[in-house]
Amino acid sequence: MKFRRGASSDSTPPPNSEPHPTALVEAPPEGPVPSGIDPSEGAPAPETPGTPEAVPAVPDAPVQGETPALVAPPRTIDAPVTASLVGAPPAGDPTREAEPLGGGEPSARAEHKGGPQHRRSRRPHRLVFAVLAVVVVLAGASAIVISDRLHAGEPRTTIMGSVATSGVVPGGPPTIAWPSGVQSAFSIPVLGVSADGEAQSEVPVASLTKLMTAHVVLGDHPLAPGEDGPTITIGESDVEQYEQDVATDQANIPVAVGEVLTERQLLEGMLIHSANNFADLLAIFDAGSVSAFVPKMNQAAAALGMHDTTYADASGYSPQSMSTPADQLKVATLDMADPVVAQIVEQTTVTLPVSGTVGSYTPLVGIDGVVGVKSGFTSAAGGCDVLALHTVVAGKPVTVLAAVVGYHDGVDVIAGAGLEALALARSVAGGIRRYQAVARGERVGTAGARGRSSAVVTISSDAVPAWPGERVVRSLVVSHDPRLGAPAGSSVGVLRVSLGTERLGVGVVTASDLPGLSLLERIF
């Protein structure tokens, strides 16, 4: 008996060939392959080109529960077909699918049919798991957010300022008693206000020059209040300079060889008794010589904006030391800001080792609030005076500076210049106004958040000296942002007010309670 094992139609199997172990149906010598037998398992290979007969197509695999139909072979098979088919379902189990012939892998159709059913059965479970995972993640994130919001406490408020940033002091300009026949000027350093009288021009200013000498020396060799500073020993050349000053009728203080004077004593003798020889001693102490000191004076004048000023010596005896009242008030303002100078010019006398006690040449010192500053006289300059007048406005001290140069009327031109300066200073002081810079309870802003708010108000009032028309600058400086739930009076910051060089600050707080949020509001 012959079996076909993939040989071509014109080939003969080898003599010792054995039948396929899974084949139960004997292959006929020739003809088509019986229906239901997998060609890959022992079926003959397709006919080679030129073969007259083609192998019939294999029918579809049997449907579940059905017995595979076999195409009747050309000859009769004695054994029952259903009992001899490998993979046929046993009797009484119509639901079991027939296994493929030969015990191999399931057919392509069976795999195609069973796979999707299995995947469809798992899809609902996967969807449920995905939804549950999303729910768990969202629940965890929500718990974190809620926890953060609860632990964060009440939200902070936002502070909105409502204070005007700038304005002017109300009132018209005061009437100033400008002296006639002289050049004059005034200044209120604390307010940053100054003005000139008649047209200013450079003229000799006599001993007002010593204001710059003191400024340069203290700039190079500063003193603290109560400090005496370095010492200077008087030599023969210093005595000769004194004798020359006496011969030329200059203001002077006697000195002797070997006398020891401190920096402070030299400043006192120069500013109080207006000693020219003490001015020269200070110039030599600072720069080595008067000629080396003068350029430093002019450099300092230029730095201060004293454009109408030229210095030729340290004492002002030279008529070439020239300036204007307005320029002299610039250096006088700095001198009076130095506590050492301010203390010296208030003195009416000074006591020195050789000369003993000498008095002040500055008129009116100690009378009606006058505190110096410096007077001067030469035939070329006439009477000159820079006067400082202390007054009180709105409970605060104010110093008015007045300068007069070129006074030539009368016998005592220094006293005449001093009186003119005093009248000018008094008229200026009378024009200073009390200005209510801040009122207690004044609303300067609002603190609010989430629909809650409170006015922000000042905790005290403050009035300051001011000049009519002077610019006022106000600003709210926030240093705290109260949270909702904060009580009335919670600190917010400071209201700052500036006028000229005046600076003040008043605390600001919330005017009412800031209600807190409910639990739900804090969460959502």
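Residues numbered from 1 in each chain as written. Predicted model: local features only at pLDDT ≥ 70, side-chain atom pairs only at ≥ 80, totals over all residues. Heavy atoms only, no water.

### Points about the sheet that holds strand β12 (residues 382-393)
So, step 1. On the basis of which strands lie adjacent, the open sheet formed by 5 strands has the order β4-β3-β13-β12-β11 and antiparallel pairing. Edge positions in the open sheet fall to β4 (193-196) and β11 (370-378), since each of these has one partner strand only. Recorded for the sheet is a direction-independent mean angle of 10 degrees between the axes of neighbouring strands.
So, step 2. Here β12 runs beside strand β13 (residues 396-407); their pairing, made up of 10 bridges, is antiparallel. Bridge pairing in β13 links Val392 to Pro397.
So, step 3. Contacts from helix α10 (residues 413-430) reach β3 (183-188), β11, β12 and β13, with the element oriented near 30 degrees to β12. (Pairing = 2+ DSSP bridges. Helix = DSSP H or I, 4+ residues; strand = E, 2+ residues; numbered from the N terminus. Axes fitted to C-alpha atoms, helices over the stretch in contact; angles between N-to-C directions. Contact = heavy atoms within 4.5 Å.)

### Observations regarding unusual backbone geometry
The bulk of non-glycine residues show a negative phi, and the bulk of peptide bonds are trans.
So, step 1. With an omega dihedral of 20 degrees, the bond running from Gly372 to Val373 counts as a cis peptide bond.
So, step 2. Located in the positive-phi region is Leu364, a residue other than glycine, with phi close to 70 degrees.
So, step 3. Of note, Leu364 is situated in the loop between β10 (356-359) and β11.
So, step 4. Of note, Ala394 is a non-glycine position whose phi angle comes to about 55 degrees, a positive value.
So, step 5. Given the relative accessible area of 24%, Ala394 is considered partly exposed. (Buried < 20%, exposed > 50% of the residue type's maximum accessible area, 1.4 Å probe, protein only.)

### Details of the packing of helix α4 (residues 236-247) against helix α6 (residues 276-287)
Each pair of packed helices gets described by two things: the angle between the helix axes and the distance between those axes.
So, step 1. Running from N to C, α4 and α6 point in directions that differ by 145 degrees, and their axes come no closer than 9 Å. α6 is crossed by α4, and the crossing has right-handed handedness. On α6, the residues touching Asp238, Gln241, Tyr242 and Asp245 of α4 are Asn276, Asn277, Asp280 and Leu281.
So, step 2. Looking at the contact of α4 with α6 residue by residue, the classes come out as 2 nonpolar, 3 polar and 3 charged. (Left-handed = near helix turned anticlockwise from the far one by under 90°. Nonpolar A, V, L, I, M, F, W, Y, C, P; charged D, E, K, R; others polar.)

### Considerations on a nonpolar patch on the surface
So, step 1. A cluster of nonpolar side chains, Leu127, Val131 and Val135, forms an exposed patch at the surface whose accessible area comes to about 280 Å².
So, step 2. Within the secondary structure, Val131 sits in helix α2 (residues 108-152). (Patch = residues over 30% accessible without salt bridge, like charges linked within 9 Å, V, L, I, M, F, W, Y side chains within 5 Å. Areas by Shrake-Rupley, 256 points an atom, 1.4 Å probe, with all protein chains shown as cover. Salt bridge = Lys/Arg side-chain N within 4 Å of Asp/Glu carboxyl O.)

### Observations concerning the nonpolar core
So, step 1. Core analysis: the biggest nonpolar cluster contains 58 residues, and Met212, Leu267, Met270, Phe278, Met336, Val373 and Val386 have the highest contact counts within it.
So, step 2. Among the elements that take part in this core, helix α3 (residues 210-220) stands out by supplying 6 residues, more than any other.
So, step 3. Beyond its immediate chain neighbours, meaning those up to four positions away, Leu267 contacts Ala214, Leu218, Leu223, Leu282 and Ile344.
So, step 4. Counting 25 residues, the second largest nonpolar core, distinct from the first, contains Val370, Val393, Val398 and Val428. (Core = buried A, V, L, I, M, F, W, Y, C linked by side-chain atoms within 4.5 Å.)

### Quick notes on helix α5 (residues 263-272)
So, step 1. Most of α5 sits out of view: 10 of its 10 residues are buried.
So, step 2. Those residues of α5 that sit buried are Glu263, Arg264, Gln265, Leu266, Leu267, Glu268, Gly269, Met270, Leu271 and Ile272.
So, step 3. Looking one or two residues past α5, Ser274 carries a phi angle of roughly 60 degrees, positive in sign.

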